[in-house]
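So the chains spell out like this:
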Amino acid sequence: MDREELCGSTEPCVLHFQILLHDPLQIITHELEIVDVNDNAPEFFENAMQLKVLESSPAGTIIPLGNAVDLDVGRNGLQNYTISPKSHFHVRTRRRRDGRKHPELVLDRALDREEQPELSLTLTALDGGSPPRSGTAQVHILILDINDNAPEFTQSLYEVQILEKSLVGSVIITVSASDLDTGNFGAISYVFFHASEEILKTFQLNPITGDIQLVKSLDYEKINTYEVDIEAKDGGGLSGKCTVIVQVVDVNDNPPELTLTSVNSPIPENSAEIVVAVFSVADLDSGDNGKVTCSIQNNLPFILKRSVENFYTIVSEGALDRESRAEYNITITVTDLGTPRLTTQHTITVQVSDVNDNAPAFTQTSYTLFVQENNTDWNSSQASAPFTELLPRAAEPGYLVAKVVAVDRDSGQNAWLSFQLLKATEPGLFTVWAHNGEVRTSRLLSERDAPKHRLLLLVKDNGDPPRSASVTLQVLVVDGFSQPYLPLPEVAHDPAQEDDLLTLYLVIALTSVSSLFLLSVLLFVAVRLCRRGRAASLGGCSVPEGHFPGHLVDVSGAGTLSQSYQYEVCLTGDSGTGEFKFLNPLIPNLFMEESEREIKESPHCRSSFVVR
């Protein structure tokens, strides 16, 4: 490491750094101090100096000399100066306000220009290292004839404050010196005295007026103080010196800086207090201009926590629900307290990863279908919309019966669904496709198959652990008049009641078939009795109006009677077969009177009944 490059003249040289630990989150702050070694020798800005001294100068006259610079600090830095030979002068080391050590040449005894018009001296700068290092410069002194007044500044020290945003070209201060001499000996010019390169780039000195002009923009964050030495020279070579201290006043010209250390995205749902992001804030300005406040939006389930020093963390507040919201945009706002206030914003996107916390759900809790035999014109595309469906008994294996639909609010593999058949009235008659929920026949329907089927379907997701849901699918086979359709009760979701309900359905079906058979026998006997009494009497026999079950439904228009029609059946007098003859349909109630009139006018109709 090069301490001089990292810290310059700052002592001690301390480097600050932080160590960020994850899981658990911990930020450790450390400091590293770089200790100086004596690896730099003092150097003068000028290797040769030329001075003019009046021969009338009294003993004790002080003549400022150019200083040397040692990049090392402490004891390794510049300590003192020596001069040789010491015939007329000795050197005195003076410490200035900024810490620099300047040599001053002190006259020990009077000069005699006629005896010795010039002197050559060697100025040596020594540091305090072990072993010590040194640097030298040659001092050439010209002894002048009497010009007994040197220029003098009105102030030996000038101090001025200037805003860092001052315009280039503006005059920041004017220095002034006077000389009591006349003529050329009293003419004064101003120059920078041993100015650094940075001062020469930043300021310009008018040699006649003494105006110091700004030629470069100031930056408080880089340099906040300048110490400028100015020399006033007269025409006789005498000079006076002063110092100008320029204080740069900070303005709020730096917005806050935000540095993201880490971002944790995506984060799993249903987890509380997860660290989402770690970041630090800083402001290069000073005072209130460098103080900052930090915030995020209030309508998000996240909170902002202050960590060590200028570090912050964003933590989730409570468990998140990906199905409610899968992504959050968090805007971090950092504002300083300067005038005007400056703001920096940064937005991070946090995604919520899915956890298998939702079971699949069917779009319906119950499916009821009607499977009708001897109906080959049914369109299988109707299976996508269950409440009433028909399936031909002659359907080939693999025929689509129904399609159940389930949804899962999770995502990814947690939402991959598969279907399976858990339980069926007749195992082996139906199968369900695992990936699309299609219920298909696995073989041909036969007369031995039950008229009603209950299928218990299960759908489960691919989560860990998997979640599932079940639904009951009911299928009813209708065989025309011999087995009329009976409305099904509400589907029971309790598996323990399924066997009892199935038994109830079978009893109702058998009772209905028996009643229809008994009614047919009674009708047949009544017809036969009427035919036998036809020769003995011309009076008609009447059979009470028969009411057939009014809930026979034929969706496709084939197989059973429609619920919206009445049929008039007449037995002809010359009929020897006793068969039913179906005439034109009658609408109930509205055309009852006309129906009776037509029956009476028919000479061949001996009896009638209405099937509803």
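The written sequence of each chain sets the order in which its residues are numbered from 1. At least 70 in pLDDT is required for a residue's local features to be given in this predicted model, at least 80 for side-chain atom pairs to be given and counted, and no such filter applies to totals for whole chains, interfaces and linings, which use all residues. Hydrogen atoms and water are omitted, and side-chain values are computed over all heavy atoms in the structure.

Let's shift gears to the overall build of the protein. Per the convention used, a helix needs a DSSP run of H or I reaching at least four residues, while a strand needs a run of E reaching at least two, with both numbered from the N terminus. Scanning the protein from N- to C-terminus turns up four helices and 40 strands. Exposed residues in this analysis have more than 50% of their type's maximum accessible area, buried residues have under 20%, and partly exposed residues fall in between, with area computed by a 1.4 Å probe over protein chains only. Within the protein, the fraction of its 612 residues that count as buried is 40%. Every residue pair with non-hydrogen atoms within 4.5 Å of one another is taken to be in contact. Sequence separation of at least 24 residues holds for 64% of the intrachain contacts in the protein that already meet a minimum separation of 6.

Core analysis: the biggest nonpolar cluster contains 26 residues, and Phe 153, Val 175, Tyr 190, Phe 203, Ile 212, Ile 230 and Val 244 have the highest contact counts within it. The set of elements that each furnish at least two residues to this core consists of β13 (157-163), β14 (171-174), β16 (189-192), β17 (203-205), β18 (211-214), β19 (225-233) and β20 (239-249). With residues near it in sequence (within four places) discarded, Val 244 still touches Tyr 158, Ile 173, Val 175, Ile 212, Tyr 226, Glu 227, Val 228 and Ile 230. Residues belong to a common nonpolar core when they are buried Ala, Val, Leu, Ile, Met, Phe, Trp, Tyr or Cys residues joined through side-chain atoms within 4.5 Å. The next biggest cluster of nonpolar side chains, apart from the first, holds 23 residues, and it includes Leu 65, Leu 119, Ala 137 and Val 139.

So, about a nonpolar patch on the surface. For patches, a residue must show more than 30% relative accessible area and have no salt bridge; joins then use 9 Å for like charges and 5 Å for nonpolar side chains, namely Val, Leu, Ile, Met, Phe, Trp and Tyr. With residues, only the protein chains shown are counted as cover, and all accessible areas are computed by Shrake-Rupley using a 1.4 Å probe. By salt bridge we mean one thing: a side-chain nitrogen of Lys or Arg within 4 Å of a carboxyl oxygen of Asp or Glu. Taken together, the side chains of Met 1, Leu 6, Phe 17, Ile 19, Leu 21 and Leu 32 define a hydrophobic patch exposed on the protein surface, amounting to about 560 Å² of accessible area. Note on Met 1: relative accessible area 79%, which makes it exposed.

On to the UniProt feature "transmembrane region" (unreviewed entry) in the protein. Annotation from UniProt places "transmembrane region" (unreviewed entry) at residues 502-527. The annotated region residues 502-527 carries 100% helix and 0% strand content, and the separation between its end C-alpha atoms amounts to 38 Å. UniProt positions are given in the numbering used here, feature names are shortened, and annotations may be inferred rather than shown by experiment.

A few words now on a negative patch on the surface. Counting rule for charge: Lys and Arg are taken as positive, Asp and Glu as negative, and neither His nor the chain ends is counted. To locate a charge, the coordinates of NZ of Lys, CZ of Arg, CG of Asp or CD of Glu are taken. Taken together, the side chains of Glu 11, Glu 31, Glu 33 and Glu 309 make up a negatively charged region of the molecular surface. Mapping Glu 309 onto the fold places it in the loop between β25 (302-306) and β26 (311-316).

This part covers unusual backbone geometry. Here the residue pair Ser 84 and Pro 85 is connected by a cis peptide bond, since its omega of -5 degrees sits within 30 degrees of zero. Backbone geometry places His 194, a non-glycine residue, at a positive phi of 50 degrees. Inspection of the secondary structure assignment puts His 194 in the loop between β16 and α2 (197-202).

Looking now at the pattern of salt bridges. A full pass over the atoms with the stated rule returns 14 salt bridges. The partner of Arg 96 in a salt bridge is Glu 227, and the shortest N-O contact between them spans 3.3 Å. Of this pair, Arg 96 sits in the loop between β8 (89-95) and β9 (101-107) while Glu 227 sits in strand β19, and the two are 131 residues apart along the sequence. For Arg 96, a relative accessible area of 18% puts it in the buried group. Here Lys 216 makes a salt bridge to Glu 198, at a shortest N to O gap of 3.1 Å. Taken together, the positions of Lys 216 in the loop between β18 and β19 and Glu 198 in helix α2 put the pair 18 residues apart, joining distant regions of the chain. For Lys 216, a relative accessible area of 33% gives the class partly exposed. According to the relative accessible area criterion, Glu 198 is partly exposed, its value standing at 28%. Look at the salt bridges and you will find they share partners, linking Arg 92, Arg 94 and Glu 104 into a network.

Taken in spatial order, the four strands make up an open sheet running β4-β11-β10-β7, and their pairing is mixed. Each edge of the open sheet is held by one strand with a lone partner, namely β4 (48-54) and β7 (78-84). Within this sheet the neighbouring strands show an average axis-to-axis angle of 25 degrees, counted without direction. Only strands that DSSP links by at least two bridges are regarded as paired with each other. Under this scheme, a helix contributes an axis fitted over its contacting stretch, all axes are lines through C-alpha atoms, and angles between N-to-C directions fall in the 0 to 180 degree range.

Note on aromatic pairs: the rings of Phe, Tyr and Trp (six-membered ring only in Trp) are paired at centre separations within 6.5 Å, and the planes decide the class, stacked below 30 degrees, edge-to-face beyond 60, tilted for the rest. Enumeration over the complete set of coordinates arrives at five aromatic pairs. Aromatic side chains Phe 44 and Tyr 81 sit 6.1 Å apart centroid to centroid with 50 degrees between the ring planes, which places their arrangement in the tilted category. Pair noted here: Phe 44 is in strand β3 (residues 43-44) and Tyr 81 is in strand β7, with a separation of 37 residues, a long-range link. Owing to a relative accessible area of 8%, Phe 44 belongs among the buried residues under this scheme. With a centroid separation of 5.1 Å and an interplanar angle of 90 degrees, the aromatic rings of Phe 203 and Tyr 226 are classed as edge-to-face. Taken as a pair, Phe 203 in strand β17 and Tyr 226 in strand β19 lie far apart in primary sequence, 23 residues in all.

Take Val 106: it is sitting in strand β9. Considering only alpha carbons, one finds Val 106 and His 88, 18 residues apart in sequence, at a separation of 8.5 Å.

The next thing to look at is the environment of His 346. In this structure, His 346 sits in strand β28 (residues 343-353). On the basis of relative accessible area, His 346 is assigned to the partly exposed category, the value being 33%. When neighbours within four sequence positions are excluded, His 346 is seen to be in contact with Leu 258, Leu 260, Ile 330, Thr 331 and Ile 332.

Bringing the sheet that holds strand β35 (residues 438-441) into the picture now. A sheet is described by the order of its strands in space; here three strands give the open sequence β31-β35-β34, paired in antiparallel fashion. Looking along the sheet, the strands with just one partner apiece sit at the ends: β31 (400-403) and β34 (430-432). The average angle at which neighbouring strand axes cross in this sheet is 25 degrees, direction not considered. As paired strands, β34 and β35 are joined by three bridges and run antiparallel to one another. Each residue of the ladder has a partner; that of Thr 431, found in β35, is Arg 440.

Turning to the environment of Gly 210, a few remarks are in order. Within the secondary structure layout, Gly 210 lies in the loop between β17 and β18. By relative accessible area, which is 0% here, Gly 210 ends up buried. Residues Gly 210 and Ile 188, spaced 22 residues apart in sequence, show a C-alpha to C-alpha distance of 9.9 Å. With sequence-adjacent residues up to four places away left out, Gly 210 is seen in contact with Ile 173, Thr 174, Val 175, Tyr 190 and Leu 205.

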